[in-house]
Each structure stands twice: as structure tokens, then as C-alpha cells.
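Tertiary structure, described
The residues making up each chain are set out below.
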Amino acid sequence: IPPQETDPTDFKRRFLKKIRKLGEGNFGMVELCLYDPKGDQTGELVAVKSLKTENECSNLRREISTIRNLYHENIVKYKGICNDEGANIKLIMEYLPSGSLKEYLPRNKSNIDQKRLLHYALQICQGMEYLGSQNYIHRDLAARNILVENESLVKIGDFGLTKSIKDDKEYYKVTEEQDSPVYWYAPECLINRKFYKASDVWSFGVTLYEIMTYCDRENSPPRVFLKMIGRSQGQMTMARLVEALGKGWRMPRPDLCPEMVYTQINSCWSHAPEDRVDFKGLIKEFEILLTSENI
Ligand SMILES: CCCn1cc(-c2nc(Nc3ccc(C(=O)NC)cc3)nc3[nH]ccc23)cn1
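Residues numbered from 1 in each chain as written. Predicted model: local features only at pLDDT ≥ 70, side-chain atom pairs only at ≥ 80, totals over all residues. Heavy atoms only, no water.

**With respect to unusual backbone geometry**
Backbone geometry places Arg139, a non-glycine residue, at a positive phi of 70°. Mapped onto the elements of the fold, Arg139 is located in the loop between β6 (136-137) and β7 (146-150). Here Tyr214, not a glycine, exhibits a phi torsion of approximately 55°, which is positive. As for its placement among the helices and strands, Tyr214 is situated in the loop between α5 (197-212) and α6 (221-229). (Helix = DSSP H or I, 4+ residues; strand = E, 2+ residues; numbered from the N terminus.)

**Considerations on the nonpolar core**
Membership of the largest hydrophobic core comes to 81 residues, with the highest contact counts inside it found for Leu101, Leu105, Ile124, Phe204, Leu282 and Phe286. Of the residues forming this core, the biggest block, 10 residues, is contributed by helix α3 (residues 114-133). Setting aside anything within four residues of it in sequence, one finds Ile124 in contact with Leu101, Leu141, Ile146, Val154, Ile156, Phe204, Thr207 and Ile211. Core analysis: the next-biggest nonpolar cluster, separate from the first, contains eight residues, Leu16, Cys33, Val48 and Ile92 among them. (Core = buried A, V, L, I, M, F, W, Y, C linked by side-chain atoms within 4.5 Å. Buried < 20%, exposed > 50% of the residue type's maximum accessible area, 1.4 Å probe, protein only. Contact = heavy atoms within 4.5 Å.)

**Considerations on the packing of helix α2 (residues 101-108) against α3**
At a closest axis distance of 13 Å, the pairing of α2 and α3 adopts a crossing angle of 165°. Judged by the inter-axis angle, α2 sits roughly antiparallel to α3. For the pair α2 and α3, the crossing hand works out as right-handed. Taken together, the residues of α3 that come into contact with α2 (itself represented by Leu101, Tyr104 and Leu105) are Leu117, Tyr120 and Ile124. Considering only residue class, the contact of α2 with α3 consists of six nonpolar, no polar and no charged. (Axes fitted to C-alpha atoms, helices over the stretch in contact; angles between N-to-C directions. Parallel < 35°, antiparallel > 145°, perpendicular 65-115°, else oblique. Left-handed = near helix turned anticlockwise from the far one by under 90°. Nonpolar A, V, L, I, M, F, W, Y, C, P; charged D, E, K, R; others polar.)

**Section: the confidence of the model for the protein**
Of the residues in the protein, 93% reach a pLDDT of 70 or more, and the chain-wide mean stands at 91. Reported confidence for the predicted complex is 0.98 by ipTM and 0.93 by pTM. (pLDDT = per-residue confidence, 0-100.)

**What about empty space enclosed by the protein?**
Summed over all chains, the structure comprises four cavities of 30 Å³ or more. Considered as a void within the structure, the second largest cavity measures approximately 50 Å³ in volume. Among the residues forming the lining of the second largest cavity, the class breakdown is two nonpolar, three polar and four charged. (1 Å grid on protein atoms, 1.4 Å probe; cavity = no way out; pocket = protein on both sides within 12 Å on 5 of 7 lines; lining within 4 Å. Points joined across faces, edges and corners; volume = space filled by probe spheres on them.)

**Regarding the site of the ligand**
The full set close to the ligand counts 18 residues, and Ala47, Glu94, Leu96, Pro97 and Gly99 are the nearest of them. Here Glu94 contributes a backbone N or O atom positioned 2.7 Å from a nitrogen atom of the ligand. One of the backbone N or O atoms of Leu96 is found 2.7 Å from a nitrogen atom in the ligand. When the ligand sits alone it has 610 Å² of accessible area, and the protein chains cover 88% of it. Given that more than half its atoms are within 2 Å of the pocket grid, the ligand belongs to the largest pocket. Looking at the shell around the ligand, the elements that each hand over two or more residues are β1 (16-24) and β5 (90-94). It is β1 that contributes the most residues to the shell around the ligand, three residues altogether. Residue composition of the shell around the ligand, grouped by class: nine nonpolar, five polar and four charged. (Near = heavy atom within 4 Å. Polar contact = N/O pair within 3.5 Å; in protein donor to acceptor, adjacent residues only side chain to side chain. Areas by Shrake-Rupley, 256 points an atom, 1.4 Å probe, with all protein chains shown as cover. Sits in = over half its atoms within 2 Å of the grid points.)

Take a look at the structure:
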């Protein structure tokens, strides 16, 4: 009999063995699983994203249709879906053992120099430039969502809030209130809940700030903002944040961050979206910084 055509992107639930939790997102969670069809532990390790609650199925289906059509060195690889036995669908992706920058940078600080940090920043911009070219807005760019393949390769690892802006709309209007990562949000997102590609540039600025602090918890954006706008004001936080940003307040240059890089971070934080640098411009700047000797 001819070898029956098995679809390598169709994962059977009975062969998917949970090992441990890897991370939690807005309404999804990611677990490390062994996919072991032979049942002899010779299977492969995969990262499996499923829903925390039943009702968010449409979000995960949108995320699946997004990631399965993205092919870029700096975007985590889609492997398939697990959709049998009736329960809710699961997204299967390649497993990156080193975790996100939030785990990796603090742990490896002593053998990562600033040049390498800028290489990571360049790669994130390359992934984001590609995402934008496919008419997507990420809406959750942060160090926690950047995964480490090895010490010279990072990938955007989560698309839980990514939206398509096809039919030449230039922004996405947030409908449902979600526990949004406000400290990574640009003013236009906070004030009138409009997301532009330029809003992702603002979030990249916050992500680069995190990278230049080696994701040190003491200097995390929530910590720095709350120190500036006064301890937790409850729901006042959003209003106080908007007010401070509107007055031109920005997170101060981190100790280890060179002036030139802080200038770049600030070019991502212009109040008006149209005044911000774009990912193409950031890529050029990083390439110049990485060739010049003074980093
Ligand atoms: C939903 C939130 C976004 N998210 C994506 C992932 C993820 N993690 C990993 N590897 C990973 C993670 C953590 C650690 C660790 O040591 N932790 C203390 C080690 C390895 N590979 C992945 N491939 C695709 C997604 C994905 C985790 N959270």
C-alpha cells in the first residue's frame, strides 16, 4: 500500500504530552509538550498555545491564521494545529528552549555586550518591518514576547493581539476592554484606542528600553512609570499616564544605555504617530550603529 499521506501540520491530541507551562498571555497560555506518536519518548518538543477560557476561541483562530502565513527568520515558526476530539483548538509552534528576553537577558547579562543587545533590537525591527509589510499590527510588542533561539538569533514569539489592517485602513480600533499592557501603549492607543503601525514603533521603543536594562525588574516600565506618577493610583493610573506622556514626560535614559541609543528610543516616542521613526528607519540606524566602532 502506498505510504498514506499524513499531514505534518495535523497533531493528534492523544500523542501530545504536557510537560510544563512556559508562559501566559492575555487570554492564552503556552505549554511545553512532547509530541510522541510512537509512544517511546522519541518524539519532538513543541510549544502549544491554548485558551485559558473557552470563549476566546475566535482570538486563537485569528492568531493561527495570522502566524501560519508568516515566514521570516525573526518570527517564531508555525508547526500546525491540534483540533481533534472536539475540544478547543491548539496552536503548535517550534519550542525555543532559552525562553523570552525577560528570562534570558538577566541570566546571561555578564556575557552579552551592548553590541549584541543592538543585534537583538535590529532583528526585532526586521521581524516587525516584515509584519507591517503583510498589513499586520502587533499591538503587544514587549521583551516578554521576544523569544531567544540562540545567543545570536531572536524571534517575535506571540501574536495574541495582532490585527490585520487590510482594506487600506490605517489603524485598528480597540473594541473590547482587555487587560492591556498600558505601559507599552502609545498615547493614541490610550486616549482614543486607535492602533497604527506607528503605535508598534512606540512599543518597540519601550521594548528597546527593556533590552538596554537587560530586562532588570527594578527598571521595568511599570516600575519606572509608577515611581514617576506616584504609587498605584488604581484606575487613575491610566489617566495619570496619559497626562504625564502628554506633558512630554518619558522614561529617563537607563544607566547602561549610550546617548545615541537613547536618542533612537526617543525617536520612537514622539507624541504624534506621524512624527515617529518607522521600522525601516530604525533598521538603517541600527546598521550604522553596529558598523561604527563606538559601541
Ligand atoms: C503567551 C505568552 C507568550 N509566550 C510564548 C512562549 C514560548 N516560550 C518558549 N520557550 C520558553 C519559554 C519560557 C522558558 C523559561 O525558562 N521560563 C522560565 C523557556 C522556554 N517557546 C515558544 N515557542 C513559541 C512560543 C513560545 C511563552 N510565553
